[in-house]
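Examination of the molecular architecture
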Amino acid sequence: MRMGSLVLLLLVVCCCRPALAQTYHPNPALGEMLAKLPYIAQSNNAGGRNILDNSCIFKDSFSLSPSKEVAKQCDAARATAEFTAKYGPPDATSPAPGGKTQLEYFLLFNENSYHVKVFVGCADGKTETFAMVECKVEKNRAKPGPPPKEARDFWKKLSPF
């Protein structure tokens, strides 16, 4: 009886330890691509310049990109291979709902930490991707709102019209 209790206690102690902290990795190619990727605007969303900035606007929030067609036929395996060849291997890969593949990256970019999920799958016989980005640690503050307009000429700034 004592031996069984001891084994059970050791099993519980070994299995129920706290989760290890996630390590974020620099990935300049992925970061640059995401820094140019638009986000899906929402009515309650102040917005940012791109999907990365937008994900840092509100605490514990995330940002989604619109779907992007990457192939005219359904070939998610090839699209996944091409994505990982271009942006590096993900930290984790798993199946996602709807027959999609989820590629997870823990990205360190521009001094901020992001949890990036890229989904690759087929829709209407075509291969599409979209991204979901969650800002985890923000050190370089993103400013809300759309990008600034082109600088106006000096005389137009003075003119009320």
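The sections below set out a description of the structure shown in this document. (Residues numbered from 1 in each chain as written. Predicted model: local features only at pLDDT ≥ 70, side-chain atom pairs only at ≥ 80, totals over all residues. Heavy atoms only, no water.)

When helices and strands are tallied, the protein shows 5 helices and 7 strands. Taking all 161 residues of the protein together, 33% fall into the buried category. Put simply, of all contacts in the protein between residues at least 6 apart along the chain, 54% involve residues at least 24 apart. Accessible area of the protein: about 11100 Å², with a carbon and sulfur share of 60%. (Helix = DSSP H or I, 4+ residues; strand = E, 2+ residues; numbered from the N terminus. Buried < 20%, exposed > 50% of the residue type's maximum accessible area, 1.4 Å probe, protein only. Contact = heavy atoms within 4.5 Å. Areas by Shrake-Rupley, 256 points an atom, 1.4 Å probe, with all protein chains shown as cover.)

All right, on to the pairing of strand β7 (residues 126-137) then. Each regular strand displays side chains that alternate between the two surfaces of the sheet. Sheet topology places strand β2 (residues 62-64) next to β7; 3 bridges connect them, and they run antiparallel. Looking at β7, one finds that Phe62 is bridged to Glu134. Two elements, strand β3 (residues 68-71) and β7, share 3 bridges in a ladder whose sense is antiparallel. The partner of Glu69 across the bridge, within β7, is Glu128. Summarising the sheet, strand β6 (residues 112-123) and β7 pair through 11 bridges and their orientation is antiparallel. Opposite Val118, over in β7, you have Ala131 as the bridge partner. Between β6 and β7, which pair antiparallel and follow one another directly, the connecting turn spans 2 residues, one of which, Asp124, has a positive phi of 55 degrees. (Pairing = 2+ DSSP bridges.)

Take the pattern of salt bridges next. One pass over the structure, following the stated rule, counts 4 salt bridges. When the shortest N-O distance is used, the salt bridge between Glu82 and Arg78 registers 3.0 Å. One end of the pair is Glu82 and the other is Arg78, both in helix α4 (residues 76-87) and 4 residues apart, which spans about a single turn. A residue is classified by how much of its surface remains accessible, and Glu82, at 44% relative accessible area, is partly exposed. By relative accessible area, which is 43% here, Arg78 ends up partly exposed. Three or more residues joined by partner-sharing salt bridges are found here, namely Glu69, Lys72 and Lys126. (Salt bridge = Lys/Arg side-chain N within 4 Å of Asp/Glu carboxyl O.)

Where helix α2 (residues 28-35) is concerned, the buried positions are Leu30, Gly31, Met33 and Leu34. The buried residues of α2 occupy one face: seen down the axis, they fall within an arc of 165 degrees. Of the surrounding elements, those touching the buried residues of α2 are α3 (51-55), α4, β5 (100-109), β6 and β7. (Arc of directions from axis to C-beta.)

The subject of this paragraph is the layout of surface pockets. Taken as a whole, the largest pocket spans an internal volume of roughly 290 Å³. Around the largest pocket sit 15 residues that line it, and Lys68, Val70, Phe83, Tyr87 and Thr129 are the ones nearest its centre. Only β3, α4 and β7 provide two or more residues apiece to the lining of the largest pocket. Ranked by the residues each element gives to the lining of the largest pocket, the list is headed by α4, at 5 residues. Within the lining of the largest pocket, the residues separate by chemical class into 10 nonpolar, 2 polar and 3 charged. (1 Å grid on protein atoms, 1.4 Å probe; cavity = no way out; pocket = protein on both sides within 12 Å on 5 of 7 lines; lining within 4 Å. Points joined across faces, edges and corners; volume = space filled by probe spheres on them. Nonpolar A, V, L, I, M, F, W, Y, C, P; charged D, E, K, R; others polar.)

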